[in-house]
Each structure stands twice: as C-alpha cells, then as structure tokens.
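# Chains, contacts and geometry: an overview
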Amino acid sequence: MQLRLRHIGRSVLSNWLAMAASMAAAFFLSPFLVHRLGNAAYGVWILAISSVQYFGLLDLGMRSSVLRYVSKGYATQDHKAASEAFSAAFWVRLQISALLLALCGGLAAIFPQIFKVPSGLVNDVRVVVALMGLSLAIAMSIGVYGGVVSALNRYDLYTFVALIQLSLRVIGVVAVVRAGRGIVAIAWCELFAAMTGSLLMAYVARTLYPELKISLKRPSWGVLKTIWSYSVYAFLVMVAVQVIYQTDNLVVGAFVSASAVTFYSIGNSLCRYTQQLVVAMTTTFTPAASTYDSAGETSSLRALYFTGTRATMAVSMPILVTLLVRGDNFIGVWMGPQYSHTSGIVLAILATALLFSLPNAPASSIAFGIEKHKTIAKWAIGEAVVNLLLSVALARIFGIYGVAIGTLVPSLVVNVAFWPRYVTNLVKIDYRQVFVRVWGPLFLSVVPFAAASYLVDVFFRARNITIFILQTVALLPIFAMSIGWIFRNDIKRVILPRIGSLFHVETR
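Residues numbered from 1 in each chain as written. Predicted model: local features only at pLDDT ≥ 70, side-chain atom pairs only at ≥ 80, totals over all residues. Heavy atoms only, no water.

## Some thoughts on the overall build of the protein chain
For the protein chain, the helix and strand inventory stands at 20 helices and zero strands. Against the compact-globule benchmark of 23 Å for 508 residues, the protein chain has a radius of gyration of 23 Å, which places it among compact chains. For the protein chain, the spread of C-alpha atoms along the three principal axes comes to 65 × 65 × 45 Å. Put simply, 85% of the contacts in the protein chain that link residues at least 6 apart link residues at least 24 apart. Here the protein chain has roughly 22400 Å² of accessible surface; of this, 67% comes from carbon and sulfur atoms. (Helix = DSSP H or I, 4+ residues; strand = E, 2+ residues; numbered from the N terminus. Rg over C-alpha atoms; globule rule 2.2 N^0.38 Å. Contact = heavy atoms within 4.5 Å. Areas by Shrake-Rupley, 256 points an atom, 1.4 Å probe, with all protein chains shown as cover.)

Here it is, written out as structure tokens:
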C-alpha cells in the first residue's frame, strides 16, 4: 500500500509538471494573442480550434483500451496480447485519421457559412481548419504510442516529450506573431509541434517496450470486440465531455458573435485550467483502483476514495473560491480591464459548476478502474444533451451569460443529486458519509478563506498580477489552518505516523 501511494504521488507530480507548463504557456499566450490578433481574429481562432477538437471524438475510446490492455500484457508478460490490442487500436486509428482529414476538408469549406466570420478572415479560417485537422490526424494515428508510455507508468518520460512539444509550439507561435503573421502561421506552428511530439513519443514507446510488435493487418473480430467492449462507454463519456466543455464556444459563435467568443473563452479557460489540475491528479487513481479491485482489497479502494476526494477538494477549492470571489479582478489584471466585468460573470457561473463537479472526479476515475463506468456514461450523455439545448435556448435571451447558465444547471443536478448515491455502490459506503466525512468538512474549512478573500477584494483590490498572486498566497495559510483544525484527529492518527515511517525508512 505504501509503495502504491508513493507511485501515485510520483505520477501526480509528473502530470502536474506537464500541466503547469501548459497552463503557464496558455496564461501568457492568451493576452499576447488577444492583443496582437484582436478580438475578431482571436475569436475565429478559438472557434476553429473548438470545432476541429470535436473530431477527436473519433478516437472512439481507443486510447483507454490501449492503456488497459497494454499495461495488463506488460505486467503478465503476455506480449502477444498486448501487441494484438495495440495493433488493433493503431489500425482503427489509421482508418479514423483518413476519415478525419476528409471531414476537416468539408468543414473548412463550409465554416464561414456556419459561424459569423468577418469577411477578411474567411480564407484564413479555411486554411486554419485544414491544418488543424492534419495536426489532429497525426496525433490520432502516431499519437497512439502515448497510450503505451502511460500504460507502462512512465509519466516522467511522457511529461518530457510533452514539454518538448509545448516548447516548440510556444516558440513558434511567439515568433510568427511578433513577425506580424496571423492565424494561418500559428496553425503551421501547431502542425510542426504535433508532428515532432508524436514521432518522439513513438520512439520512446518502442524503446521502453521493444517486445511490443505492430501489425498493420486488419485485426481479428475477436480482438476488436474485446477492445470495443471496454472503450464504448469511455467513448460515450468523451462525447459528453466534449459537448459539455467545448460546445459553449460554438454556441456563442453561432448565436451571439465571433467577438463574444473571446469574452466567453477567457472565463471558460480559467475553469478548464482548474479542471486540468484535478484531472492530472485523479487520472492516476484508475490503475490503482484496478489493482485494489483485482486483489479484492475493498478497504483500500474505499480509502483511495476518501483520501483522493479530500486531496482533490483541498487542491481545487481555494482556486475555485478565488475565481468566484476575485475572478473579475484577476481577469482585469491578466487580460485587461475591458474584459473584467463580462468575462468575470461568465467565470463565476462556470466556477460554481466546478465547485460541485470536481469533488466527484476521484470517484469517476475509480469507476473506470473497476469497469463500472457504464452508469457514468449514461449520466454524462444526459447532462450533455440538456446542456446543449439549454445553452442554445438561454443564449437567445441572456447572450453569453445564458450559455454559462446552460452549463451550470445540469451540472448541479447530476453532481449533487446523482453522484453521492452512486458512490454507495462504487466503494460500499453509506451515501451520507460522502457529505459527513468529505464534502461537509471541506466546504466548511474553506469559509474563512472565502471571507478573507472577499475582504481583500473589497479593501485591497490588486492593481497588477504580481500583487494579486502575492495576496492569494498570503491568504492560503488561512485555508491550511482550517483544514488542519477540522481534520486534526485524522492528522494525528494517520498522517503523522506515515510521515515518521517514511523518514525512518529513508534514514535507515
């Protein structure tokens, strides 16, 4: 158990490093691109990216299958089974990549007719959609090797390759924009970075697992059926997530304006960064849950849920409360005062949804690890459909605020009404324990931090981003002391003995 926790910790840190670098790049690139390109061009760029990203759903959950069956084959030394599963997924993805290129070509032709694109950007956006489609096709095919690296638990190497790809993208984008180029040049930079990263990931995977053989022949129906039986529900979840978190920009572009996408995406992006932070942590719970379930360690599975959920909330809640209470101030010093009010309201609405959805992220990862994600898929699809319909309806009445509300309402229903009861069957606990032992104490512990943040926002409003960060860091000890007080018995009984045990082992 101790070794597994250490391994989970190392994996989380590796994922956080990659995520931190990606967030930092987006954090500094976003205002740079907005001010250099302008609201219209930047809005069109966001629309193009959001549209093409939908085709990522054509993965059909294959990456999840690669991770599961390659890791299983590697652990049991059944290299033939691992090779068959990997080859089948690779073969499927090659067919999908060809289809993806055709679809993106069609989308490029009709894109200006779907969205309100300014006349001066019509030709540029068509080229951008085609180039982004090619980048996705490369990631879809060659990128399957990334699943192998993850399956072998080499998140350190995965992070290394991701950082190289990110560096190439950022350097290229900054260089071409400074040279006065537009969104087409940016798309070429994205393509080069995607190709380089995918090829490097393939090299790393083949070096780590030389026994893994690839075959381009059509896989047998039996192998395809095995893979699909697991990936179908993962695919449905992917579809739902894509609709829930990527449709908003498209709805704004279609029913409001391209310029309004800029204001919406600023608030939405801060929520997505917070979500990525949590996903980088909880994604490591899936293989751990699978191991505990296979060994029949129900108590360890339950402990993983309690510990993982508390850790997730402890990390995410100070961020979300800061975004709720001081989000408009942050946007003002980050992107400019002209975005503060409108984007700040969007941010507050979407952050409220995350406040109740992120605590369920660990349970979701555990469900995938023990193959109980069928129910999650059904809920996710339902939430996505209601989200889309409600966002479209409310966009006509309240503009971009209506789109945000359309995301908030179904999210609250699913995460507050359904999820706590589902945890009962997942880890065999009374659903009331979810509120009594996890949600309640964490929500209570963040109240002093929220009050202090509000007072700082009212009386000491930050005038630049450096002051804002320093103020936030200075307030964090309030949350830490609240956590320490509320969980003081657990800290004395569990955490302190483990720290002492680790120190004792290391000194010996």
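Moving on, there is more to tell.
## Describing the packing of aromatic side chains
Summed over the entire model, instances satisfying the criterion amount to 15 aromatic pairs. Measuring from centroid to centroid gives 5.0 Å for phenylalanine 86 and tyrosine 145, while their planes differ by 55 degrees, and the two rings are tilted. Here the residue phenylalanine 86 occupies a position in helix H4 (residues 79–114), and tyrosine 145 occupies one in helix H6 (residues 145–151), the gap between them amounting to 59 residues. In this pair, the class of phenylalanine 86 matches that of tyrosine 145, namely buried. Every member of this aromatic cluster is reached through a ring pair, and the members are Phe356, Phe435, Trp439 and Phe443. The side chain of arginine 326 reaches across the aromatic face of phenylalanine 468, ending 4.2 Å from its centre. Sitting over the ring of phenylalanine 306, arginine 437 keeps its end group 4.0 Å from the ring centre. (Phe/Tyr/Trp six-rings, centres within 6.5 Å; stacked < 30°, edge-to-face > 60°. Buried < 20%, exposed > 50% of the residue type's maximum accessible area, 1.4 Å probe, protein only. Lys NZ or Arg CZ within 6 Å of the ring centre and 35° of its normal.)

## Describing the nonpolar core
With 160 residues, the main nonpolar core has Trp45, Phe111, Val148 and Tyr305 as its most contacted residues. What tyrosine 305 contacts, discounting residues up to four positions off in sequence, is Ala363, Ile366, Val423, Val427, Ile429 and Val434. (Core = buried A, V, L, I, M, F, W, Y, C linked by side-chain atoms within 4.5 Å.)

## Side note on the pattern of salt bridges
Oppositely charged side chains can form a pair if their charged atoms are brought close together. Scanning all chains against the criterion turns up four salt bridges. In this structure, arginine 169 engages glutamate 190 in a salt bridge whose closest nitrogen and oxygen atoms are separated by 3.3 Å. Note that arginine 169 is positioned in helix H7 (residues 155–178) and glutamate 190 in helix H8 (residues 183–208), a separation of 21 residues in sequence. The exposure class assigned to arginine 169 is partly exposed, which follows from its relative accessible area of 22%. When its relative accessible area of 15% is taken as the criterion, glutamate 190 is described as buried. Notably, a salt bridge pairs aspartate 457 with arginine 461, separated by 3.0 Å at the nearest N-O pair. The buried category is assigned to aspartate 457, whose relative accessible area is 11%. Here the salt bridges share partners, and the residues they tie into one network are Asp328, Asp457 and Arg461. (Salt bridge = Lys/Arg side-chain N within 4 Å of Asp/Glu carboxyl O.)

## Considerations on empty space enclosed by the protein
Using the criterion set out here, one finds one cavity of 30 Å³ or more in the structure. Taken as a whole, the largest cavity spans an internal volume of roughly 30 Å³. Taken together, Phe86, Tyr145, Ala205, Arg206, Tyr209 and Leu212 form the lining of the largest cavity. The residue inventory of the lining of the largest cavity, partitioned by class, reads five nonpolar, no polar and one charged. (1 Å grid on protein atoms, 1.4 Å probe; cavity = no way out; pocket = protein on both sides within 12 Å on 5 of 7 lines; lining within 4 Å. Points joined across faces, edges and corners; volume = space filled by probe spheres on them. Nonpolar A, V, L, I, M, F, W, Y, C, P; charged D, E, K, R; others polar.)

## As for a nonpolar patch on the surface
Together, Tyr454, Leu455, Val458, Phe459 and Phe460 give the surface a local cluster of nonpolar side chains, amounting to about 580 Å² of exposed area. Summarising the element assignment, valine 458 is placed in helix H18 (residues 447–459). Look at valine 458 and you get partly exposed, because its relative accessible area is 45%. (Patch = residues over 30% accessible without salt bridge, like charges linked within 9 Å, V, L, I, M, F, W, Y side chains within 5 Å.)

## Some words on the environment of valine 128
For valine 128, the location among the structural elements is in helix H5 (residues 122–141). For the pair valine 128 and valine 149, spaced 21 residues apart in the sequence, the C-alpha separation amounts to 30 Å.

## Section: unusual backbone geometry
At lysine 428, a residue that is not glycine, the phi angle is positive and equals roughly 60 degrees. Following the sequence through the fold, lysine 428 ends up in the loop between helix H16 (400–427) and helix H17 (431–445).

## A look at the environment of glycine 332
Note on placement: glycine 332 falls in helix H12 (residues 298–334). Sequence-wise, glycine 332 and phenylalanine 468 are 136 residues apart; in three dimensions their C-alpha atoms are separated by 11 Å. For glycine 332, the residues in contact, after removing those within four places along its chain, are Pro337 and Ser340.

## Thoughts on the confidence of the model for the protein chain
Of the residues in the protein chain, 91% have a pLDDT of 70 or more, and the chain-wide mean is 83. Across the protein chain, the secondary-structure element scoring lowest on mean pLDDT is helix H20 (residues 488–507), at 54, and the one scoring highest is H18, at 95. Below pLDDT 50 for its whole length, residues 501–508 participates in three contacts with residues either more than four positions away or in separate chains. (pLDDT = per-residue confidence, 0-100.)

## Quick notes on H18
Between the first and last C-alpha of H18 there are 19 Å, a value that for 13 residues agrees with the 18 Å anticipated at 1.5 Å per step. Turning to H18, its buried residues number three or more, namely Phe449, Ala452, Ser453, Val456 and Asp457. The arc that holds the buried residues of H18, viewed along the axis, is 140 degrees, so those residues lie on one side. What points out from H18, more than 90 degrees from its buried face, is the exposed set Tyr454 and Phe459. As for H18, its buried residues are in contact with H12 and helix H19 (465–486). (Expected span 1.5 Å × (residues − 1). Arc of directions from axis to C-beta.)

## Here's the deal with the packing of H12 against H19
Look at H12 against H19: their axes get within 11 Å of each other, and the N-to-C directions meet at 155 degrees. Considered as vectors, H12 and H19 are oriented roughly antiparallel to each other. H19 is crossed by H12, and the crossing has right-handed handedness. Taken together, the residues of H19 that come into contact with H12 (itself represented by Ala314, Pro318, Thr322, Arg326, Asn329, Phe330, Val333 and Trp334) are Ile465, Phe468, Gln471, Thr472, Leu476 and Phe479. Residue classes in the contact of H12 with H19 are distributed as nine nonpolar, four polar and one charged. (Axes fitted to C-alpha atoms, helices over the stretch in contact; angles between N-to-C directions. Parallel < 35°, antiparallel > 145°, perpendicular 65-115°, else oblique. Left-handed = near helix turned anticlockwise from the far one by under 90°.)

## Description of the packing of helix H2 (residues 39–53) against H5
Two numbers describe how H2 lies on H5: the axes approach to 10 Å, and their chain directions differ by 35 degrees. Handedness of the H2/H5 crossing: right-handed. Counting all contacts with H2, which are made through Val44, Trp45, Ala48, Ile49 and Val52, the residues of H5 involved are Val125, Val128, Val129, Met132, Gly133 and Leu136. In terms of residue class, the contact of H2 with H5 is built from ten nonpolar, one polar and no charged.

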